[in-house]
Protein chains: 2
Amino acid sequence: MNNEDVGKARDENITHEDDVLRIMKMRIIDSYRWKVDIIEPFSKEFGITEDEFKEILIKRLDMASLEALHARYESSKHYCIKEKIHADLKLCWLSDVMNVLTDEQTEKIKNKLAKEVLIQGKSYDEAIEDGRKDLLEYLMR
Amino acid sequence: MNNEDVGKARDENITHEDDVLRIMKMRIIDSYRWKVDIIEPFSKEFGITEDEFKEILIKRLDMASLEALHARYESSKHYCIKEKIHADLKLCWLSDVMNVLTDEQTEKIKNKLAKEVLIQGKSYDEAIEDGRKDLLEYLMR
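Rules behind the numbers
- Throughout, residues of each chain are indexed from 1 in the direction in which the sequence is written.
- Think of it this way: whatever chain is written first is A, whatever ligand is written first is 1, and the rest follow in order.
- Local features in this predicted model are restricted to residues of pLDDT 70 or higher, and side-chain atom pairs are both shown and tallied only at a pLDDT of 80 or more, whereas totals for entire chains, interfaces and linings draw on every residue.
- Only hydrogens and water are set aside when side-chain values are computed; all heavy atoms of the structure are taken into account.
- Only DSSP runs of H or I with at least four residues qualify as helices, and only runs of E with at least two residues qualify as strands; both kinds are numbered from the N terminus onward.
- A helix is expected to reach a length of 1.5 Å times the quantity of its residues less one.
- Categorising residues by exposure relies on relative accessible area from a 1.4 Å probe, with only protein chains included: less than 20% of the type maximum marks a residue as buried, more than 50% marks it as exposed, and the intermediate range marks it as partly exposed.
- Residue contacts are defined here by distance: any two heavy atoms, one from each residue, within 4.5 Å place the two residues in contact.
- A 1.4 Å probe defines the accessible area here, and the buried area is the portion of it lost by two parts on being joined, summed over both.
- When a carboxyl oxygen of Asp or Glu is within 4 Å of a side-chain nitrogen of Lys or Arg, the pair counts as a salt bridge.
- Here a polar contact is recorded for every N or O atom pair within 3.5 Å, except that within protein the pair must consist of a potential hydrogen donor and a potential acceptor, and residues adjacent in sequence are included only if both atoms are side-chain atoms.
- Residues are grouped as follows: Ala, Val, Leu, Ile, Met, Phe, Trp, Tyr, Cys and Pro are nonpolar; Asp, Glu, Lys and Arg are charged; every other residue, Gly included, is polar.
- Here, a disulfide means two cysteine sulfur atoms that sit within 2.5 Å of each other.
- Note on ring pairs: Phe, Tyr and Trp rings are taken, using the six-membered ring of Trp, and paired if centres are within 6.5 Å. Classes follow the plane angle, with under 30 degrees stacked, over 60 edge-to-face and the rest tilted.
- Copies are brought into register by a least-squares superposition over C-alpha atoms of residues with pLDDT of at least 70 in both.
- As a rule, the C-alpha atoms of each element are fitted with a line to give its axis, helices using only the stretch in contact, and angles between N-to-C directions run from 0 to 180 degrees.
- Throughout, the term roughly parallel applies to angles under 35 degrees, roughly antiparallel to angles over 145, roughly perpendicular to angles from 65 to 115, and oblique to all others.
- Here a crossing is taken to be left-handed if its near helix is turned anticlockwise relative to the far helix by less than a right angle, and right-handed if that turn runs clockwise.

Draft legend 1. Structural view of helix α7 (residues 124–140) of chain A. Taking 1.5 Å of rise per residue, 17 residues should cover 24 Å, and α7 of chain A covers 24 Å from first to last C-alpha, within 8% of that figure. Buried residues of α7 of chain A: Y124, A127, I128, G131, R132, D134, L135, L136, Y138 and L139 of chain A, and no others. Of the surrounding secondary structure, the elements contacted by the buried residues of α7 of chain A are α4 (63–88), α5 (91–97) and α6 (103–118) of chain A together with α2 (32–46) and α3 (50–60) of chain B.

Draft legend 2. Spotlight on the interface of chain B and chain A. Taken residue by residue, the interface counts 41 residues in chain B and 41 residues in chain A. Between chain B and chain A, roughly 4000 Å² of surface is buried when both sides are summed, and carbon and sulfur atoms account for 68% of that area. At the boundary of chain B and chain A, one finds six salt bridges. One salt bridge connects E45 of chain B with K90 of chain A, and the closest N-O pair in it is separated by 3.6 Å. Here chain B is connected to chain A by 18 residue pairs in polar contact (both at pLDDT 80 or more). Here the side of chain B that touches chain A is composed, by residue class, of 24 nonpolar, four polar and 13 charged.

Draft legend 3. Focus on the state of the cysteines. Per the counting criterion, the structure on display carries two disulfides over all chains. Between the sulfur of C80 of chain A and that of C92 of chain B lies a disulfide, 2.0 Å long from S to S. The disulfide joining C80 of chain A to C92 of chain B has a torsion of about -80 degrees about its S-S bond and is therefore left-handed. Of this pair, C80 of chain A sits in helix α4 while C92 of chain B sits in helix α5 (residues 91–97), on two different chains.

Draft legend 4. Spatial organisation of the packing of aromatic side chains. As enumerated under the stated definition, the model contains four aromatic pairs over all chains in all. Here Y73 of chain A and W93 of chain B contribute two aromatic rings whose centre-to-centre distance is 4.9 Å and whose plane-to-plane angle is 35 degrees, an arrangement assigned as tilted. Here W93 of chain B lies in helix α5 and Y73 of chain A lies in helix α4, a pairing that spans two chains. Of the two residues, Y73 of chain A and W93 of chain B, neither departs from the other in class, the shared state being buried. Ring plane angle 15 degrees and centroid distance 5.9 Å describe the contact between F42 of chain B and F53 of chain B, whose orientation is recorded as stacked. Taken together, the positions of F42 of chain B in helix α2 and F53 of chain B in helix α3 put the pair 11 residues apart, joining distant regions of the chain.

Draft legend 5. Region of the structure containing the relation of the copies chain B and chain A. After a rotation of 180 degrees and a shift along the axis of 0.0 Å, chain B superposes on chain A with an RMSD of 0.1 Å. Taken together, the turn and the small shift mark the pair as related by a two-fold rotation axis. Relative to the rotation axis, the closest C-alpha in chain B is found at A87 of chain B, a distance of 3.4 Å. Comparing interface residues between copies, 100% of those in chain B also lie at the interface in chain A; the contact surface is shared.

Draft legend 6. Fine view of the packing of α4 of chain A against α7 of chain A. Residue and element names in this part refer to chain A. Here α4 crosses α7 at 50 degrees, and the two axes come no closer than 11 Å. Considered as vectors, α4 and α7 are oriented oblique to each other. The interaxial crossing formed by α4 with α7 has right-handed handedness. Of the residues in α7, those touching α4 at I81, K84, I85 and D88 are Y124, I128 and R132.

Draft legend 7. Quick peek at the side chain of R132 of chain B. Looking at the secondary structure, you find R132 of chain B in helix α7 (residues 124–140). Relative accessible area serves as the criterion here: at 18%, R132 of chain B is assigned to the buried category. Residue contacts for R132 of chain B: discarding those within four places in its chain leaves E45 and F46 of chain A together with D88 and L89 of chain B.

Draft legend 8. A look at the pattern of salt bridges. All chains considered together, the criterion is met by 36 salt bridges over all chains. Note that K77 of chain A is salt-bridged to E74 of chain A, the shortest N-O span being 3.7 Å. One end of the pair, K77 of chain A, and the other, E74 of chain A, are both in helix α4, three residues apart, so they sit about a helical turn from each other. On the accessibility criterion, K77 of chain A (23% relative accessible area) is partly exposed. The shortest N-O distance in the salt bridge between K84 of chain A and D88 of chain B comes to 2.6 Å.

Structure below.
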């Protein structure tokens, strides 16, 4: 082979490797749980198609990250939903800034709401509505 | 004075001190800035009257905390609004869990939006809407 042929063969190999990697990555994120938990909600969030969101993941994450991601997603649910509750109940103000609620009290409320949403299937908005009542009860004591 | 009278005088003194303290506390939180920044929004948040929310603050916070609170509120605005943006743009998932955005990128977006809301007076919902577009732009790169 001359130099040009070597280069061409190498390019073809790289392209082939890319294709294989792409197929392997697609296999991971095409599972049912991925679709329901990650692809559907996040593509909807950004107003893009599911295929577009898949492309983002494939482009940005390597195999190892993709393989670990669904488990990470599962184990972070509780943490992330508590962060959202903290923000939506204005606990940054009430607890962190004003100190009218203790960390222990806010933890109690957040864990209760997160459980209701993640385990008992309560809607998030309803949980927040009830959480606001719990909070007020603590404050009124 | 007999013992009973001493006790009565002490009780009256305590009541008097409580009244004075209450008046002093009320003077702090009855200012215009307190009303607009804290009393109005938080009483509305909980669906209680402004007087009820004032009672909560007076009962829960001592003079020193009350005196420091409005300044704390001012200086925490940026921090708390960034926390809310983090939650509303699902950055807990996208950045902390999935790592499809770097901390530097999310900080950039959050600081930009917080500035738009706090300094330029953009509505929070509008800022979030635009933030979602910024985010998508980063992701699509």
